[in-house]
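Survey of secondary and tertiary structure
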Amino acid sequence: METKERAEENKICPLEVAVNTISGKWKIPIVWQINEGKKRPSEFLRGIAKVDRRVLNQQLSEMVEDGILTKQSFNELPPRVEYTLTELGEKLVEILWQLNDWGKLLIPEKEESLNR
């Protein structure tokens, strides 16, 4: 019985991994910005209100590490860095569109509860 309990404790939940991968206040807005064609950190800073440069860089690095983005550094002065979605990142965009559509279904519910 003890072996079964340990096996269940060590089991990896795909949903938990997915949620942990995209958790972070700015990760989803970053993916939307890249999907719209923005690639440089300075563009993200302009496109996402109130994001701190340090936090942005940290979340970009995590997304590169998780395989959602690729980072390309150019040997120029001043230095230039661009991010693009990987194939895994493109699949995330598809899922986010579906989540967006689901969110639209919730809006009438929220409006109705506000009017009560």
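Residues numbered from 1 in each chain as written. Predicted model: local features only at pLDDT ≥ 70, side-chain atom pairs only at ≥ 80, totals over all residues. Heavy atoms only, no water.

The chain is annotated in an unreviewed UniProt entry as Transcriptional regulator from Chryseobacterium cucumeris.

What about the overall build of the chain?
Looking only at helices and strands, the chain has six helices and two strands in total. If you list the helices and strands of the chain from N to C, you get α-α-α-α-α-β-β-α. Scored against the burial criterion, the 116 residues of the chain give a buried share of 22%. Excluding contacts between residues fewer than 6 apart, the proportion of contacts in the chain whose partners are at least 24 apart in sequence is 45%. (Helix = DSSP H or I, 4+ residues; strand = E, 2+ residues; numbered from the N terminus. Buried < 20%, exposed > 50% of the residue type's maximum accessible area, 1.4 Å probe, protein only. Contact = heavy atoms within 4.5 Å.)

Re the pairing of strand β1 (residues 69–74)
Pairing between β1 and strand β2 (residues 80–85): six bridges, direction antiparallel. Paired with Q72 across the two strands is E82, which belongs to β2. Taking the residues between adjacent antiparallel strands as the criterion, β1 and β2 are bridged by five residues. (Pairing = 2+ DSSP bridges.)

Description of a nonpolar patch on the surface
Taken together, L99, W102, L105 and L106 make up a surface patch of nonpolar side chains, about 420 Å² in accessible area. Take L99: it is sitting in helix α6 (residues 87–114). Residue classification places L99 among the partly exposed positions, given a relative accessible area of 45%. (Patch = residues over 30% accessible without salt bridge, like charges linked within 9 Å, V, L, I, M, F, W, Y side chains within 5 Å. Areas by Shrake-Rupley, 256 points an atom, 1.4 Å probe, with all protein chains shown as cover. Salt bridge = Lys/Arg side-chain N within 4 Å of Asp/Glu carboxyl O.)

Quick look at the packing of aromatic side chains
Scanning all chains against the criterion turns up one aromatic pair. Ring geometry for W32 against W97: centres 4.8 Å apart, planes inclined by 80 degrees, an arrangement best described as edge-to-face. Here W97 lies in helix α6 and W32 lies in helix α3 (residues 27–35), a separation of 65 residues in the sequence. Across the ring face of F74, the terminal group of R80 is positioned such that the distance to the ring centre comes to 3.7 Å. (Phe/Tyr/Trp six-rings, centres within 6.5 Å; stacked < 30°, edge-to-face > 60°. Lys NZ or Arg CZ within 6 Å of the ring centre and 35° of its normal.)

Regarding the pattern of salt bridges
By the definition in use, this model includes five salt bridges. As a salt-bridge pair, R80 and E76 come within 3.0 Å of each other at their nearest N and O atoms. With a shortest N-O distance of 2.9 Å, R80 and E82 are connected by a salt bridge. Overlapping salt bridges, with partners in common, bring together E76, R80 and E82 in one network.

Some remarks on unusual backbone geometry
Residue P78 is bonded to the preceding L77 through a cis peptide linkage, with omega at -5 degrees. For P78, the location among the structural elements is in the loop between β1 and β2. Even without glycine at this site, K50 takes up a positive phi of about 70 degrees. With respect to the secondary-structure elements, K50 resides in the loop between α4 (41–47) and α5 (53–65).

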